[in-house]
Amino acid sequence: MSSTEDMISAMHDGLAEVSKEAGTKIPVPEAYLKATKHHLKDVQEYLDLYKKSLESPDTFWTEMSKEMLSWHQLWTGKTFEHNFDVRKGKVYSEWFKGGKLNACYNALDRHVENGHGSQIAFYCEGNDLSDDHRTVTYAEMLDQVKRLASALKKRGVRKGDVVAIYLPNIPELPISMLACARIGAIHNVVFGGFSAEALAGRILDAQCRVIITCDGVMRGNKVIELKALADAAEELVYERGDGHLVDRQIVFKRLGEDKCPVGMKPKRDEWWHEVLARADPECPVEWMDAEDPLFVLYTSGSTGKPKGLVHTTAGYILYAAVTHKYAFNYHENDVFFCTADCGWITGHSYVVYGPLLNRATSVIFEGVPTYPDASRLWQICEKYKVNQMYTAPTLIRSLMRAGDKYVSKVPRDSLRVLGTVGEPINPEAWNWFFNVGGDKRCPVVDTWWQTETGGHMIIPPPVKDFQMKPGAASFPFFGIEPVVLNEKGEELSKPCEGFLCIKRSWPGIHRTVLNDHERMEQVYFSTFKGYYMSGDGCRVDEDGYYWLTGRVDDVINVSGHRIGTAEVESSLVSHPYVAEAAVVPMPHDIKGQGIYAYVTLRDGFEPSEELRKELRQTVRVEIGAIATPDVIHWAPALPKTRSGKIMRRILRKIAEKGTQVSSEELGDISTLAEPQVVAQLIELYGK
Ligand code: WT7
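Predicted model only: the values in this text are computed from it and were never measured.

Caption draft 1: Focus on the overall build of the protein. Across its full length, the protein holds 22 helices and 34 strands. Scaling as 2.2 N^0.38, a compact globule of 687 residues should have a C-alpha radius of gyration of about 26 Å, and the protein matches this with 24 Å. Seen along its three principal axes, the alpha-carbon backbone of the protein occupies a region of about 75 × 65 × 60 Å. Per-residue burial over the protein gives 64% buried out of 687 residues. Of the contacts made within the protein by residues no fewer than 6 positions apart, 73% connect residues no fewer than 24 positions apart. Summed over all atoms, the accessible surface of the protein reaches about 25,400 Å², with 49% contributed by carbon and sulfur.

This is the structure we're talking about:
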């Protein structure tokens, strides 16, 4: 974690944007209020429920959990218990402990048992417009899930084992996740855009023996050979893993031999369709404890390797379902569309669990939202009559840049709610999304949350009498008690700005870091004792609205995806010519933040364009395309304090302002071991 000084300077970077716009208020549109039913009468009812959720959390969450979930057996002890204070012992959260249920049963079986088997669970939209566009009903989902689950069992997967899933955004991905959940195995989904190296790291850390993948996938015009990448990852695992072996690989045929020929390794590799055809179509549900792990999902931090965040069964699914229902005002028969890939938490909670638990019909989209052109997303909305669309600011900005004509030529009458997530949405993008995308008819729900939180934490409730403020995530969700702390850890009252922390447990919080509970306590609970530290800065205005100002640690948010600076740095340093590297965020028009890398070469090596390319390629191969540095800045040396700590504050300013950076912006540089380094770096900007 960065020093408090660094954290404060990072926080202030984000405040300018917020202050500019804080005045505007836009009421939730009348047309939307008339167009649909509402779970909540008005903003007062939202606030009343919120109050109840904090004053009587036991009653509130007990009622919610009985209404939203089917329990095999209710818990008998306390509804929840937690400790957020490291001084009082181990940090933990337990919700509904002792209760028994199954996530897959809740997502599929009960709907089929209740006669909804023929309802469409997913409209599957492929990459190409000419692709076959499948639909999958709840009954079909359940059939596939049961077959895969019994096949996994037959291949030795037991309750508590971790299964790696490396698939594109096709229904086989949720099917694989739910098959794991059905038999009590823990799913570990690795985003299909990650490299073999990244996959290997996650397989090893979680000790996965089984992996589910596919031959390949089209991304725009390119074939991505997932099976080949998975094979390479397995080689790496074998080399490093002290005898650990992936001995089973189930391969879905997505592209076929013509487009993507693959080699199948005898004994290890099997085709999905053959496995499922032979599998026992029946597979009983494993009744899990509420606190049994449901999945692990890796995410980057400011230091070290990605952390495997562990989410447990009841709390997570309840929270995903409740947030999905209220944040999007989701109703039966609505068509929901979250554009995220299931490889991220947004896909876990709002493509898979939230919608399926609420028996929604949703769209799962395999492709790129700007392919073949910038009207694709709107065309999908029109084609399936989507009512709620949930996407990311980076995408909104790229559609905005392409021009209004791509939107206006497509009718979008079915749309009622627009959602965003991933990074603070700049007011310009917000206004465009609201005015052009939603024709001023749809509230924009800017949801702030994290992989760690399981579901939405701060939202603008789409209810009557609520005044939206473009760029403000707005109000805490039910059960969430946010606080803003100053650097001394004191709670501030509104209006204020500081570190966004959460004061008490909620059902969706992750329970631990896989194999490293201490790291979890260290990262989230050690800076401010007694609070969950989000790593984000925020401002609360006079009206009590929360405005997120961005990360205060060394995490870079690229297109709404978290990239750890340490990971990129260690990848750069793995190149034999590189002596040292420091990576900081830079402003980026479309991606929100880009990756800016300062690189110091070893004696005897000279900068060149070729080396730049090589370094970018190194990161791409080791982590994935998404982590590739946008800029490589040759640095004769890095600005360090006398104790050897890199002053990232200065590096961030130069990355942002280049040769225009003023001495006020650079701040005090007298504490540097070699202050002249700063002038040298500015001199080399852009070279
Ligand atoms: C970080 C979490 C949660 C799913 C997507 C990313 C930033 C996310 C917002 C928002 C401002 C946001 C934060 C957060 N973030 N949503 N609406 N407004 N910032 O998940 O990879 O866990 O990243 O994304 O900085 O800490 P993630």
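Caption draft 2: Representation of the pattern of salt bridges within the structure. With the rule as written, the count across this model stands at 48 salt bridges. The closest approach of N and O atoms between Glu 270 and Arg 155, which form a salt bridge, is 2.7 Å. In this pair, Glu 270 sits in strand 13 (residues 269-271) while Arg 155 sits in the loop between helix 6 (138-154) and strand 7 (162-166), placing the two residues 115 residues apart along the sequence. With respect to burial, Glu 270 and Arg 155 carry one shared label: buried. Ionic pairing is found between Arg 401 and Asp 589, a salt bridge with its closest N-O pair at 3.2 Å. With Arg 401 in helix 14 (residues 393-402) and Asp 589 in the loop between strand 32 (578-588) and strand 33 (592-601), the pair connects residues that are 188 residues apart, well separated along the chain. Shared partners join several salt bridges into a network, and the residues in it are Lys 227, Asp 231, Glu 234, Arg 268 and Asp 269.

Caption draft 3: Seen up close, the nonpolar core. Formed by 204 residues in total, the largest nonpolar core has its most connected members in Leu 152, Tyr 353, Met 389 and Val 599. Considering each element in turn, this core owes the most residues, ten residues, to helix 11 (residues 313-327). Residue contacts for Tyr 353: discarding those within four places in its chain leaves Ala 103, Met 177, Leu 178, Ala 181, His 187, Leu 294, Tyr 316, Ile 317, Ala 320 and His 348. Tyr 596, Ile 654, Val 661 and Val 677 belong to the second largest nonpolar core, which has 21 residues in total.

Caption draft 4: Structural view of the sheet that holds strand 16 (residues 307-312). Pairing is mixed in the open sheet, where eight strands are placed in the order 13-12-9-7-8-15-16-27. At either end of the open sheet lies a strand with only one pairing partner, and these are strand 13 and strand 27 (512-513). Of the strand pairs in this sheet, strand 9 (residues 210-214) and strand 12 (residues 248-252) are connected by five bridges, and their pairing is parallel. Residue pairing for strand 12: Val 210 is matched across the bridge by Arg 248. Each of strand 7, strand 8 (186-189), strand 9, strand 12 and strand 15 (293-299) is contacted by helix 7 (residues 172-183), which is oriented at about 180° to strand 7, the strand it contacts most.

Caption draft 5: Fine view of the sheet that holds strand 17 (residues 335-338). Ordered in space as 6-5-18-17-19-20-21, the seven strands form an open sheet in which the pairing is mixed. Each having just a single partner strand, strand 6 (135-137) and strand 21 (444-446) make up the two edges of the open sheet. Averaged over all pairs of adjacent strands, the angle between strand axes in this sheet comes to 20°, irrespective of strand direction. Where strand 5 (residues 120-125) meets strand 6, three bridges bridge the pair, whose relative direction is antiparallel. Residue pairing in the sheet places Phe 122 in a bridge with Val 136 of strand 6. Contacts between helix 12 (residues 345-357) and the sheet are confined to strand 5, strand 17, strand 18 (361-365) and strand 19 (388-391), with strand 17 contributing the most and set at about 165° to the helix.

Caption draft 6: A look at the domain arrangement of the protein. When cut into domains, the protein gives domain 1 (4-101 + 293-549), domain 2 (146-286) and domain 3 (559-683). Here domain 1 and domain 2 have C-alpha centroids that lie 29 Å from each other. In this assembly, 25 residues from domain 1 lie in contact with 26 residues from domain 2. Here domain 1 meets domain 2 over a buried area of about 2,300 Å², counting both sides, of which 58% is carbon and sulfur. Our enumeration of links across domain 1 and domain 2 arrives at one salt bridge. Across the pair Arg 254 and Glu 366 runs a salt bridge, and its minimum N-O distance is 2.7 Å. Put simply, domain 1 and domain 2 have eleven residue pairs in polar contact (both at pLDDT 80 or more) between them. For the side of domain 1 that touches domain 2, the secondary-structure elements that each account for two or more residues are strand 15, helix 12 and strand 18. Sorting elements by how many residues they give to the side of domain 1 that touches domain 2 places strand 15 first, with six residues.

Caption draft 7: Quick look at helix 14. Within helix 14, eight of the ten residues are buried, leaving the element largely enclosed by the surrounding structure. Pro 393, Thr 394, Leu 395, Ile 396, Arg 397, Ser 398, Leu 399 and Met 400 are the residues of helix 14 that are buried. Check the buried side of helix 14 and you find it contacts helix 13 (376-384), strand 19, strand 20 (417-420), helix 16 (427-437) and strand 33. Of the residues trailing helix 14, Gly 403 is marked for its positive phi of about 115°.

Caption draft 8: Broad picture of helix 16. Of all eleven residues in helix 16, eight are buried; the element is thus mostly enclosed. For helix 16, every residue scored as buried is listed here: Pro 427, Ala 429, Trp 430, Trp 432, Phe 433, Phe 434, Val 436 and Gly 437. Asp 439, located one to two residues past helix 16, shows a positive phi value of around 50°.

Caption draft 9: Layout of the side chain of Thr 394. Turning to its location among the elements, Thr 394 is positioned in helix 14. For Thr 394, a relative accessible area of 11% gives the class buried.

Caption draft 10: Inspection of the pairing of strand 34 (residues 631-634) at higher detail. Sheet topology places strand 33 next to strand 34; four bridges connect them, and they run parallel. In the strand pairing of strand 34, Ala 597 is matched with Ile 632.

Caption draft 11: Local environment of the pairing of strand 5. For strand 5, the tally of buried residues reaches five of six residues, placing the bulk of the element in the interior. Two strands pair when backbone bridges link them, and strand 5 and strand 18 are joined in this way by four bridges, in the parallel orientation. Opposite Tyr 123, over in strand 18, you have Val 363 as the bridge partner.

Caption draft 12: Focus on the site of the ligand. Close to the ligand lie 18 residues; Asp 446, Thr 447, Thr 451, Asp 536 and Arg 562 are nearest. One of the backbone N or O atoms of Pro 424 is found 3.4 Å from a nitrogen atom in the ligand. Contact with the protein chains removes 96% of the 550 Å² of surface that the ligand exposes when unbound. If you list the elements that add at least two residues to the shell around the ligand, you get helix 12 and strand 29 (546-551). A breakdown of the residues in the shell around the ligand according to their chemical character gives six nonpolar, seven polar and five charged.

Caption draft 13: The arrangement of the packing of helix 5 (residues 103-116) against helix 12 in detail. As a packed pair, helix 5 and helix 12 sit with axes 9 Å apart at the nearest point and diverge in direction by 50°. With respect to each other, helix 5 and helix 12 are oriented oblique. For the element pair helix 5 and helix 12, the recorded crossing hand is left-handed. Counted together, Ala 103, Asn 106, Ala 107, Arg 110 and His 111 of helix 5 and Tyr 353, Leu 356 and Leu 357 of helix 12 form the full contact between these two elements. Split into classes, the residues belonging to the contact of helix 5 with helix 12 amount to five nonpolar, two polar and one charged.

Caption draft 14: Representation of the environment of Asp 109 in the model. With respect to the helices, strands and loops of the structure, Asp 109 is situated in helix 5. Taking the C-alpha atoms as reference points, Asp 109 and Met 141, separated by 32 residues in sequence, lie 9.6 Å from one another. In contact with Asp 109, other than residues within four places in its own chain, are Cys 104, Leu 142, Lys 146, Arg 182 and Val 285.

Quick notes on the rules
- Residues numbered from 1 in each chain as written.
- Predicted model: local features only at pLDDT ≥ 70, side-chain atom pairs only at ≥ 80, totals over all residues.
- Heavy atoms only, no water.
- Helix = DSSP H or I, 4+ residues; strand = E, 2+ residues; numbered from the N terminus.
- Rg over C-alpha atoms; globule rule 2.2 N^0.38 Å.
- Buried < 20%, exposed > 50% of the residue type's maximum accessible area, 1.4 Å probe, protein only.
- Contact = heavy atoms within 4.5 Å.
- Areas by Shrake-Rupley, 256 points an atom, 1.4 Å probe, with all protein chains shown as cover.
- Salt bridge = Lys/Arg side-chain N within 4 Å of Asp/Glu carboxyl O.
- Core = buried A, V, L, I, M, F, W, Y, C linked by side-chain atoms within 4.5 Å.
- Pairing = 2+ DSSP bridges.
- Axes fitted to C-alpha atoms, helices over the stretch in contact; angles between N-to-C directions.
- Domains from an automatic or database assignment.
- Buried area = accessible area lost by both parts, 1.4 Å probe.
- Polar contact = N/O pair within 3.5 Å; in protein donor to acceptor, adjacent residues only side chain to side chain.
- Near = heavy atom within 4 Å.
- Nonpolar A, V, L, I, M, F, W, Y, C, P; charged D, E, K, R; others polar.
- Parallel < 35°, antiparallel > 145°, perpendicular 65-115°, else oblique.
- Left-handed = near helix turned anticlockwise from the far one by under 90°.

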